[in-house]
Amino acid sequence: MNLSRYIPEFACLLLFTFFSSLWVNSLKEDKTTSEKLRPLLALEKLIPQHEVELLNANFSDQLHYDQLAQLQSEVEALVFDVNVGDTAEQLFKDYKETSLSYIQLTSMLKTSQRLISENVRSENTQLMNVSDNIRLEMFSFISTPDKTDKATLIKLLNSFEIDREQQSNWRYLQLVKLHSLFILDNYELTATYRRKLIGMPVIEAIVQERALLQRQIRRTDIKRFVGIFGSVSGLVLLFIVVIKRHEYALKETSEQHKEFATSLMNMLGPHAGKVQVELAQDNDNKDRPIQIRRRT
Amino acid sequence: MHTHYYISLILGIFACSAVPLSLYYLSNEQSTIQAEQATVYHFEKVSGAIQPIPRQIEIDTRWVSLGKALFITPLLSKNNTISCSSCHLVDFGGDDGFPVSTGIDNAEGERNSPTVLNSSFNFRQFWDGRASSLSDQISGPVHNPVEMGSSWAEIIKKLSADIYFSRAFLSLDPHGVTRENIVKAITTYEESLITPDAPIDRYLLGDNTALTEQQQRGLHHFINHGCTTCHQGINIGGNMYQKLGRVNTIPDILIKDLGKYQITKKEQDRNVFKVPSLRNVADTSPYFHNGAVDNLPQAVRIMASAQLGRELPEQEVEDIVALLHAFSSKVIEVQ
């Protein structure tokens, strides 16, 4: 058998295989891209909620942080899942760490400020003057941190001798001293974290990554379309080839039959006049293309 | 000749379709994620820093039973000597009562075993919060050579050879004993280990007689002195990191373990730990990450001084300790 006769069929089948594989491949790609997109879309929704909850944490009516913690673990799980570029990944990590540091300090600052503003009365007026003075300085620091001389204030606080034997309210003095020092140490740092969190282009990074994936999805869509179109074309072409081959075969047989009829007539020679050969040209009679009738 | 031609053609089409079809099945194989029925807690919100533990829970009890069996089987350890419950005694506070835990071959760990009760309400797991979820945490003890010293391959082999476990797994999931199913079972069991209805919860939900007068004084100090800065929410802790020694120095016995710093190496993480839950704290002595303190009054004094810069008068220490006893309750029954 001469296989090279069937090259058109082989070509069509090859075309079909190639394009249908492309189609299947695009389906798979589509799935992986959507799977990559899912955590990104979820993050895009959760991060603003998380940020609001985080920045609200320093309000005095925020008494517990369950909601924030819940969002924090959801965000962390998603950040663990997403597959993004190095810069975006670093940004997410940075956001996560900064928010964890921020909440530690901001929650404690709230308590420290409350504790030093509580009024405690004492008979020792000199002591009360000192502590009132410190509290005033502290409030001025909190309202305008950059205008206050922090170093002098820290020095003043550290020089503050606490004598458990002599001072009846040493507990209170120690409390004021330690919490004032804590505030001085961490107030500006907390504000820096806060500014950093607000300014962090996390959402922008997510939107960028999402746009990248969506462009990829569009490319995959085109690929799928080409795949479907190509494989259907391959099959249609195959169909045409088969039909053509069929037609060709028919024509060939009818040629053969014609030849046969002519040679038959030649063979009959002298009786030719008595025999009428009708050649059926139409396809309806293809079973019996030649009818021989005897004239009477 | 004709029939021959058509048969070859049809065979050709079949053979060529097999290529994309097999590609399709190959790519589809790994991504069959089974839909899970997640545990649902019915939270009750109240105003204030401490929140009650949900009294109602919807959970897949078949997975709970399997998880419980896994929790108590020694098959998860390398030499079949210890189980999760060796270090986490669920009926006795959820920890082991030792300063630091003892694993296989009597090897001593470095940290105190925390309670597993209510651990599903923690935002991260372990003292330094290095595991972000309960399912994440499980490979921790399983792989830690000091704790159980085993590996997933070994565990899966042992459980598959066990008649009870291989049947139990198969009845819940056609894939049988797999790493995912082991983790799912233990996690679901841990999610069922919650302790609602403690006196503090009943008090928060409106029963004013649930706390004694001393405990109510303790609650007042606990809130006013600022313990609820860190120990708040449903778990009275467990929802943030904090530095041990926030405003003041810490005792030498607690200074060696640097906590989160050991993972991140960042200065601001020095001595930072996950704030532990104070639920059932009266039943989980000894205290702190290394179990260095064996009584509650001492733990309270250390906390007040290191975290809040306050030397508490004895009376207040006693009141707060009385309150801490009101944080205990029994594990909820799931049918």
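Structure shown above.
One structure accompanies this document, and this report is about it. In this text, all values refer to a predicted model and were calculated from it rather than measured experimentally. (Residues numbered from 1 in each chain as written. Chains lettered and ligands numbered in written order. Predicted model: local features only at pLDDT ≥ 70, side-chain atom pairs only at ≥ 80, totals over all residues. Heavy atoms only, no water.)

1. Points about the overall build of chain B
Helix and strand counts for chain B stand at 12 helices and four strands. A compact globule built from 335 residues should have a C-alpha radius of gyration of about 20 Å, whereas chain B, at 25 Å, is more than 25% larger. Projected onto its principal axes, the C-alpha positions of chain B cover 110 × 45 × 40 Å. Of all intrachain contacts in chain B linking residues separated by at least 6 positions in sequence, the fraction that spans at least 24 positions is 65%. Here chain B has roughly 15,700 Å² of accessible surface; of this, 56% comes from carbon and sulfur atoms. Across chain B, 27 positive and 36 negative side-chain charges occur, with their mean positions spaced 5 Å apart. (Helix = DSSP H or I, 4+ residues; strand = E, 2+ residues; numbered from the N terminus. Rg over C-alpha atoms; globule rule 2.2 N^0.38 Å. Contact = heavy atoms within 4.5 Å. Areas by Shrake-Rupley, 256 points an atom, 1.4 Å probe, with all protein chains shown as cover. Lys, Arg positive; Asp, Glu negative; His and termini not counted. Charge placed at Lys NZ, Arg CZ, Asp CG, Glu CD.)

2. Digging into the nonpolar core
Residues A:Leu43, B:Phe222 and B:Leu324 are the most contacted members of the largest nonpolar core, which totals 87 residues. Non-local contacts of A:Leu43, meaning those with residues more than four positions away in its chain, are made with A:Pro48, A:Val75, A:Leu78, A:Val79, A:Val82, A:Phe92 and A:Ile206. In terms of nonpolar packing, the next biggest core, distinct from the first, is built from 38 residues, B:Phe71, B:Cys84, B:Val116 and B:Trp152 among them. (Core = buried A, V, L, I, M, F, W, Y, C linked by side-chain atoms within 4.5 Å. Buried < 20%, exposed > 50% of the residue type's maximum accessible area, 1.4 Å probe, protein only.)

3. Some details on the packing of helix 4 (residues 125-143) of chain A against helix 6 (residues 170-199) of chain A
When two helices pack together, their arrangement is captured by the angle between the axes and the distance separating the axes. All names here are of chain A. Interhelical geometry of helix 4 versus helix 6 gives an angle of 15 degrees and a closest axis separation of 11 Å. Put simply, helix 4 runs roughly parallel to helix 6. The handedness of the crossing between helix 4 and helix 6 is left-handed. Judged by residue contacts, Leu127, Ser131, Ile134, Arg135, Met138, Phe141 and Ile142 of helix 4 engage Tyr172, Leu173, Val176, Ser180, Ile183, Leu184, Tyr187 and Glu188 from helix 6. (Axes fitted to C-alpha atoms, helices over the stretch in contact; angles between N-to-C directions. Parallel < 35°, antiparallel > 145°, perpendicular 65-115°, else oblique. Left-handed = near helix turned anticlockwise from the far one by under 90°.)

4. Some points on the packing of aromatic side chains
Counting across every chain of the model gives 13 aromatic pairs over all chains. Considering the side-chain rings of B:Tyr5 and B:Tyr6, the 5.4 Å spacing of their centres and the 65 degrees angle between planes classify their relative orientation as edge-to-face. The buried category is assigned to B:Tyr5, whose relative accessible area is 9%. By relative accessible area, which is 31% here, B:Tyr6 ends up partly exposed. Between B:Tyr24 and B:Tyr25, the ring centres sit 5.7 Å apart and the planes meet at 80 degrees, which makes this aromatic pair edge-to-face. Judged by relative accessible area, B:Tyr24 falls into the partly exposed class, the value being 31%. The rings of A:Tyr6, B:Tyr5 and B:Tyr6 are connected pair by pair, giving a single aromatic cluster. A cation sits over an aromatic face here: B:Arg130 above B:Phe126, 4.0 Å from the ring centre. (Phe/Tyr/Trp six-rings, centres within 6.5 Å; stacked < 30°, edge-to-face > 60°. Lys NZ or Arg CZ within 6 Å of the ring centre and 35° of its normal.)

5. Structural notes on the pattern of salt bridges
All chains considered together, the criterion is met by 22 salt bridges over all chains. Salt-bridge contacts for A:Arg114 lead to A:Glu118; the nearest nitrogen and oxygen are separated by 3.5 Å. Residue A:Arg114 is classed as partly exposed on the basis of its relative accessible area, which comes to 31%. Its relative accessible area of 31% is what places A:Glu118 among the partly exposed residues. Salt-bridge contacts for B:Arg301 lead to B:Glu314; the nearest nitrogen and oxygen are separated by 3.2 Å. Placement of the pair is B:Arg301 in helix 11 (residues 296-308) and B:Glu314 in helix 12 (residues 314-325), with a sequence separation of 13 residues. Since its relative accessible area comes to 30%, B:Arg301 is described here as partly exposed. Given the relative accessible area of 40%, B:Glu314 is considered partly exposed. (Salt bridge = Lys/Arg side-chain N within 4 Å of Asp/Glu carboxyl O.)

6. Examining the interface of chain B and chain A
Taken together, the contacts link 51 residues of chain B with 47 residues of chain A. Taken together, both faces of the contact between chain B and chain A bury some 4,100 Å²; the carbon and sulfur share is 60%. Looking at the side of chain B facing chain A, the largest losses of area belong to B:Tyr5, B:Arg246 and B:Glu311, adding up to 14% of the total buried there. Remark: the boundary between chain B and chain A carries two salt bridges. Among the salt bridges present, the one from A:Glu76 reaches B:Arg124, with a minimum N-O distance of 2.5 Å. Applying the counting criterion to the chain B and chain A interface returns 16 residue pairs in polar contact (both at pLDDT 80 or more). When contributions to the side of chain B that touches chain A are tallied by element, the ones reaching two or more residues are helix 1 (2-29), helix 9 (213-224), strand 3 (241-243) and helix 11 of chain B. (Buried area = accessible area lost by both parts, 1.4 Å probe. Polar contact = N/O pair within 3.5 Å; in protein donor to acceptor, adjacent residues only side chain to side chain.)

7. Concerning the packing of helix 4 of chain A against helix 5 (residues 150-158) of chain A
Residues and elements named next belong to chain A. Their axes nearest at 11 Å, the elements helix 4 and helix 5 cross at an angle of 150 degrees. Considering the angle they form, helix 4 stands roughly antiparallel to helix 5. The interaxial crossing formed by helix 4 with helix 5 has left-handed handedness. When helix 4 is examined against helix 5, the residues Ile134, Glu137, Met138 and Phe141 are found in contact with a partner set consisting of Lys150, Leu153, Leu156 and Leu157. Of the residues belonging to the contact of helix 4 with helix 5, the class tally is six nonpolar, no polar and two charged. (Nonpolar A, V, L, I, M, F, W, Y, C, P; charged D, E, K, R; others polar.)

8. Some remarks on a nonpolar patch on the surface
On the surface, a cluster of nonpolar side chains totalling about 930 Å² of accessible area is made up of A:Leu15, A:Trp23, A:Leu27, A:Ile228, A:Val232, A:Val236, A:Leu237, A:Ile240, B:Leu21, B:Tyr24 and B:Tyr25. Every element with two or more residues in the nonpolar patch is listed here: helix 1 (7-56) and helix 7 (202-268) of chain A together with helix 1 of chain B. In terms of residues, the nonpolar patch owes the most to one element, helix 7 of chain A, which gives five residues. (Patch = residues over 30% accessible without salt bridge, like charges linked within 9 Å, V, L, I, M, F, W, Y side chains within 5 Å.)

9. Digging into the environment of B:Lys184
Residues and elements named next belong to chain B. Locating Lys184 in the fold gives a position in helix 7 (residues 179-192). Lys184 sits in the buried class, given a relative accessible area of 16%. With 67 residues separating them in the primary sequence, Lys184 and Pro251 have C-alpha atoms 40 Å apart.

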